[in-house]
Amino acid sequence: MLVAAAVCPCPPLLVPEVAAGAAPELDGVRAACADALGVLAASRPDRLLVVGPAAEAPGHVLFPEGSPGTFRGFGVDLDVRLGRPDPAAADLPALPPSLAVAAWLLQRVDRADAPVEALAVDQRLAPERCLGIGREIGAGEGRVALLVMGDGSACRTLKAPGYLDERAMPFDAEAARALRDADLAALRALDVDLADELKVSGRAPWQVLAGAAESAVGAGGAGGAGGAGLSGTLLYDDAPYGVGYLVATWS
């Protein structure tokens, strides 16, 4: 059963060594992420599952605890591990960037020693499949907490990675509202094609979250997650560098 969730953005720039001289510009979002992960720890889960986007994941891929990640591809001599070190981790595949950022975040907070795994989800995965994955997670045994990684649109300004698109701000505003209100119907309704055009990496992970909460309230239940005892809080909503970054908690 889903007992808590934290939603965080996943740019490698969250890692100060990657951001270098620009690191202070993201201090606010880093602080919000730390607060969100504190909510996960306070929920005392039996299991922590990280969900993040991957550009080339074949549907979805599960990474066990101890999986390695690196930021060497971003010019930084920095490696991370997902959760506790594992002697067999040398034979495990490397985490995609979004999950490496999550591993970096988790190394800096008390996560109540819950076992942790990570799930990479194809950014273009159909909403029905995302929801189905989430329902399986939510229907599992024990208390499950989710750390959901993903960015909003990358088209908020002229200098944004995807240039300026007038549809970007309304999309991000609706996503922020849905996460704030734990509105499952609104998350289910996020359009995969529009999200792709706006270079949104968080759409698929957010819909996995919706499916996990939906399994607790029932697919035919109310639009929000209140029936599962979960309410949402929006901790951060801004667009540094023209990219929408959202931090929220469900608890």
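Whatever comes next refers back to the structure up there.
Every value quoted in this text rests on a predicted model; they were computed, and no experiment measured them.

**Topic: the nonpolar core**
Here comes step 1: Among the nonpolar cores identified, the biggest contains 43 residues, and Cys8, Val50, Phe71, Leu147 and Met149 are the most heavily contacted of them.
Here comes step 2: Of all elements in the fold, only β1 (2–8), α2 (27–42), β2 (47–54), α3 (97–106), β6 (116–122), β7 (144–149) and β9 (245–250) reach the threshold of two or more residues within this core.
Here comes step 3: If we skip the residues at most four places from it in the chain, Val50 touches Leu82, Leu99, Ala102, Leu106, Val116, Glu117, Ala118, Leu119, Leu147 and Met149.
Here comes step 4: Grouped together as the second largest cluster of nonpolar side chains are 41 residues, Leu131, Val148, Ala182 and Trp206 included.

**Quick look at the pairing of β2**
Here comes step 1: Counting buried positions over the 8 residues of β2 gives 7, a clear majority of the element.
Here comes step 2: In the sheet, β2 pairs with β7 via 5 bridges, with the strands oriented parallel. If you follow Arg47 over to β7, its bridge partner there is Val144.
Here comes step 3: Alignment of β2 against β6, held across 7 bridges, turns out to be parallel. Bridged to Leu49 within β6 is Glu117.

**Observations regarding the pattern of salt bridges**
Here comes step 1: One pass over the full model with this rule turns up 16 salt bridges.
Here comes step 2: Between Arg167 and Glu197 there is a salt bridge whose closest N-O contact spans 2.8 Å. One end of the pair, Arg167, is in the loop between β7 and α5 (168–181); the other, Glu197, is in helix α7 (residues 192–197), with 30 residues separating them in the sequence.
Here comes step 3: Using a relative accessible area of 38% as the deciding quantity, one classes Arg167 as partly exposed.
Here comes step 4: Take Glu197: its relative accessible area is 45%, and that puts it in the partly exposed class.
Here comes step 5: Note that Arg177 is salt-bridged to Asp183, the shortest N-O span being 2.9 Å.
Here comes step 6: Residue Arg177 is classed as partly exposed on the basis of its relative accessible area of 25%.

**Looking at the layout of surface pockets**
Here comes step 1: What the largest pocket holds in volume is close to 360 Å³.
Here comes step 2: Elements that contribute at least two residues to the lining of the largest pocket include exactly β2 and α3.
Here comes step 3: Within the lining of the largest pocket, the residues separate by chemical class into 13 nonpolar, 4 polar and 2 charged.

**As for the pairing of β9**
Here comes step 1: By the criterion of burial, β9 is predominantly enclosed, with 6 of the 6 residues buried.
Here comes step 2: A two-sided burial pattern is seen for β9, the buried positions comprising Tyr245, Val247 and Thr249 on one face and Leu246, Ala248 and Trp250 on the other.
Here comes step 3: Direction of pairing for β1 relative to β9: antiparallel, over a ladder of 3 bridges. Each bridged residue has a counterpart across the sheet, and for Ala6 the counterpart in β9 is Thr249.
Here comes step 4: As defined by bridge partners, strand β8 (residues 232–238) adjoins β9 across 6 bridges and the pair is classed as antiparallel. Across the sheet, Tyr236 pairs through a bridge with Val247, a residue of β9.

**Focus: α5**
Here comes step 1: Taking 1.5 Å of rise per residue, the 14 residues of α5 would be expected to cover 20 Å, and the 20 Å separating its terminal C-alpha atoms lies within 8% of that figure.
Here comes step 2: Every buried residue of α5 is accounted for by Ala168, Phe171, Asp172, Ala175, Ala176, Ala178 and Leu179. Along the axis of α5, the buried positions cluster into a sector of 165°, meaning they face one direction only.

The rules we used
Residues numbered from 1 in each chain as written. Predicted model: local features only at pLDDT ≥ 70, side-chain atom pairs only at ≥ 80, totals over all residues. Heavy atoms only, no water. Core = buried A, V, L, I, M, F, W, Y, C linked by side-chain atoms within 4.5 Å. Buried < 20%, exposed > 50% of the residue type's maximum accessible area, 1.4 Å probe, protein only. Helix = DSSP H or I, 4+ residues; strand = E, 2+ residues; numbered from the N terminus. Contact = heavy atoms within 4.5 Å. Pairing = 2+ DSSP bridges. Salt bridge = Lys/Arg side-chain N within 4 Å of Asp/Glu carboxyl O. 1 Å grid on protein atoms, 1.4 Å probe; cavity = no way out; pocket = protein on both sides within 12 Å on 5 of 7 lines; lining within 4 Å. Points joined across faces, edges and corners; volume = space filled by probe spheres on them. Nonpolar A, V, L, I, M, F, W, Y, C, P; charged D, E, K, R; others polar. Expected span 1.5 Å × (residues − 1). Arc of directions from axis to C-beta.

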